[in-house]
Amino acid sequence: MKAEKKRLLSEGFPHWSKKQFNAFVRGCKAHGKDKLAKITEEIEDKSPSEVRMFHQAFFSRAEKMMGKAGTRIIQDIDKCTQQVQELQESIEALNNRIEDFGDEDGNVWADLKLPADHADNRANRRVHMDGCNQFERFWSEAEDRALMCALYKCGYGKWEEIRALLRYSVVHQFNFNLQLRTTDQIKKRCDQLMAMNFKEEKAALEEVLRAAASAKKKRKHHKDSAQKGSAKKPRKRENGDGSPESQPRKKAKTRGKSGT
């Protein structure tokens with residue numbers, strides 16, 4: 001019995017504590033299950049090689065060894081990983097919009113083109129705050145533009161820095177509607193703008209791919225038509241000297257009358 005227990009422990013990870021396991025799961029959810037370097041930073045007293053071995057064993061055997069609990073944990077990790085990937089794609093789309101804005105286009109803080117759907121959240125909305133109904137002010141175009149530029153400059157998640165940058169901006173020093181915004185409101189609006197921008201860029205990319213596929217299909221159709229046309233064209237027979245050979249016209253057959 002002791003030998004069996006020793007064998008099973010040697011095949012597992014007896015030196016991993018519950019705290020380290022929870023840190024591993026938390027790191028997978030926060031950074032994505034493929035970011036081993038960042039996951040290792042979340043776990044105390046574990047080297048990258050140890051985390052890599054545990055990572056391989058966990059995702060290959062967790063459902064079998066842990067049953068429903070392992071399945072639920074892996075599903076949660078996959079869901080969070082997908083959200084992290086979507087966030088990274090949204091950040092890249094925002095960076096592309098800012099970086100594609102050239103000096104000849106003007107000042108990025110004042111002339112940046114906003115997503116087409118940014119005006120959907122324009123109207124004042126009555127919301128429930130502190131047990132009473134109050135108005136939540138809408139975001140103007142200048143404020144949306146400032147949010148996108150501040151988000152690009154400070155980085156996603158640094159809401160206090162973004163708030164401080166907007167509060168002490170010379171351009172918006174008298175915009176008390178913007179200066180009184182909370183970090184939660186700033187985060188919410190930034191998420192909305194990033195989602196709108198990503199949707200617009202994705203639609204533009206799909207349009208380019210459809211146009212390329214349509215052009216390729218047309219070229220293939222023209223090529224097939226040309227090949228069929230050349231195949232149907234009759235070829236003239238030639239003599240030995242290269243001149244076209246004249247073929248004698250076939251005489252029509254006539255049925256003779258038989259006399260009796």
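Residues numbered from 1 in each chain as written. Predicted model: local features only at pLDDT ≥ 70, side-chain atom pairs only at ≥ 80, totals over all residues. Heavy atoms only, no water.

J.: Help me out: how do you make sense of the nonpolar core in this one?
T.: Soluble globular proteins tend to bury their nonpolar side chains together. Core analysis: the biggest nonpolar cluster contains 23 residues, and Leu 112, Leu 147, Leu 151, Ile 162, Leu 166 and Ile 186 have the highest contact counts within it. Mapped by element, the contributors of at least two residues to this core are helix H5 (68-99), helix H7 (141-154), helix H8 (159-167) and helix H10 (183-232). In terms of residue count, the dominant contributor to this core is H7 (seven residues). Not counting residues within four places of it along the chain, the set of residues in contact with Leu 112 comprises Arg 97, Ile 98, Phe 101, Asn 107, Arg 145, Met 148 and Cys 149. (Core = buried A, V, L, I, M, F, W, Y, C linked by side-chain atoms within 4.5 Å. Buried < 20%, exposed > 50% of the residue type's maximum accessible area, 1.4 Å probe, protein only. Helix = DSSP H or I, 4+ residues; strand = E, 2+ residues; numbered from the N terminus. Contact = heavy atoms within 4.5 Å.)

J.: I'm lost on the packing of aromatic side chains in this one. Help?
T.: Any two aromatic rings considered together are summarised by their centre-to-centre distance and by the angle between their planes. This model, assessed by the stated rule, comprises 10 aromatic pairs. Ring centres of Phe 24 and Phe 54 lie 5.0 Å apart, and the angle between their planes is 90 degrees; on these two criteria the pair is classed as edge-to-face. Of this pair, Phe 24 sits in helix H2 (residues 18-31) while Phe 54 sits in helix H4 (residues 48-66), placing them 30 residues apart in sequence. A relative accessible area of 0% means that Phe 24 is categorised as buried. Exposure remark for Phe 54: the relative accessible area of 9% places this residue in the buried category. (Phe/Tyr/Trp six-rings, centres within 6.5 Å; stacked < 30°, edge-to-face > 60°.)

J.: Please clarify how the side chain of His 172 should be interpreted in this entry.
T.: Looking at the element boundaries, His 172 is found in the loop between H8 and helix H9 (176-179). Overall, the relative accessible area of 9% leaves His 172 in the buried class. Not counting the four nearest positions on each side in its chain, His 172 is found in contact with Ala 142, Ala 146, Leu 166, Leu 178 and Gln 179.

J.: Just to check I follow, could you spell out H8 for this structure?
T.: Every α-helix winds through 3.6 residues per turn, so residues three or four apart in the chain are directed the same way. Trp 159, Ile 162 and Leu 166 are the residues of H8 that are buried. Summarising the axial view, the buried residues of H8 lie within an arc of 60 degrees, below the 170-degree limit, and thus occupy one face. (Arc of directions from axis to C-beta.)

J.: Would you mind going over a negative patch on the surface with me for this structure?
T.: On the surface, Glu 86, Glu 89, Glu 92, Glu 99, Asp 100 and Glu 201 cluster together into a negatively charged patch. Looking at the negative patch, the element that brings in the most residues is H5, giving four residues. Summarising the element assignment, Glu 99 is placed in helix H5. (Patch = residues over 30% accessible without salt bridge, like charges linked within 9 Å, V, L, I, M, F, W, Y side chains within 5 Å. Areas by Shrake-Rupley, 256 points an atom, 1.4 Å probe, with all protein chains shown as cover. Salt bridge = Lys/Arg side-chain N within 4 Å of Asp/Glu carboxyl O. Lys, Arg positive; Asp, Glu negative; His and termini not counted. Charge placed at Lys NZ, Arg CZ, Asp CG, Glu CD.)

J.: Looking at this model, I keep getting lost on the pattern of salt bridges. Mind explaining?
T.: One pass over the full model with this rule turns up five salt bridges. Between Asp 78 and Lys 33 there is a salt bridge, with the nearest N and O atoms lying 3.0 Å from each other. Here the residue Asp 78 occupies a position in helix H5, and Lys 33 occupies one in the loop between H2 and helix H3 (36-42), the gap between them amounting to 45 residues. Residue Asp 144 pairs with Arg 189 through a salt bridge whose shortest N-O separation is 2.9 Å. Of this pair, Asp 144 sits in helix H7 while Arg 189 is found in helix H10, placing the two residues 45 residues apart along the sequence.

J.: How should the side chain of Ser 90 be read in this particular structure?
T.: Locating Ser 90 in the fold gives a position in helix H5. Those residues in contact with Ser 90 that sit more than four places away from it in its chain are Met 194 and Phe 198.

J.: Whenever I open this one, the confidence of the model for the protein chain confuses me. Can you help?
T.: The predicted structure's coordinates, where accompanied by low pLDDT, should not be read in detail. Residues at a pLDDT of 70 or more form 72% of the protein chain, whose mean pLDDT is 78. Across residues 123-132 the pLDDT falls below 50, and counting only partners more than four positions away or on other chains, this stretch makes 20 contacts in the model. (pLDDT = per-residue confidence, 0-100.)

J.: Got a minute to help me understand H7 in this structure?
T.: In this model H7 runs 20 Å from its N-terminal to its C-terminal C-alpha over 14 residues, within 8% of the 20 Å that 1.5 Å per residue would give. Across the 14 residues that make up H7, a large majority, 10, are buried. Residues of H7 that are buried include every one of Glu 143, Asp 144, Arg 145, Ala 146, Leu 147, Met 148, Cys 149, Ala 150, Leu 151 and Cys 154, and no others. Where H7 terminates, the next one or two residues include Gly 155, which has phi positive at roughly 105 degrees. (Expected span 1.5 Å × (residues − 1).)

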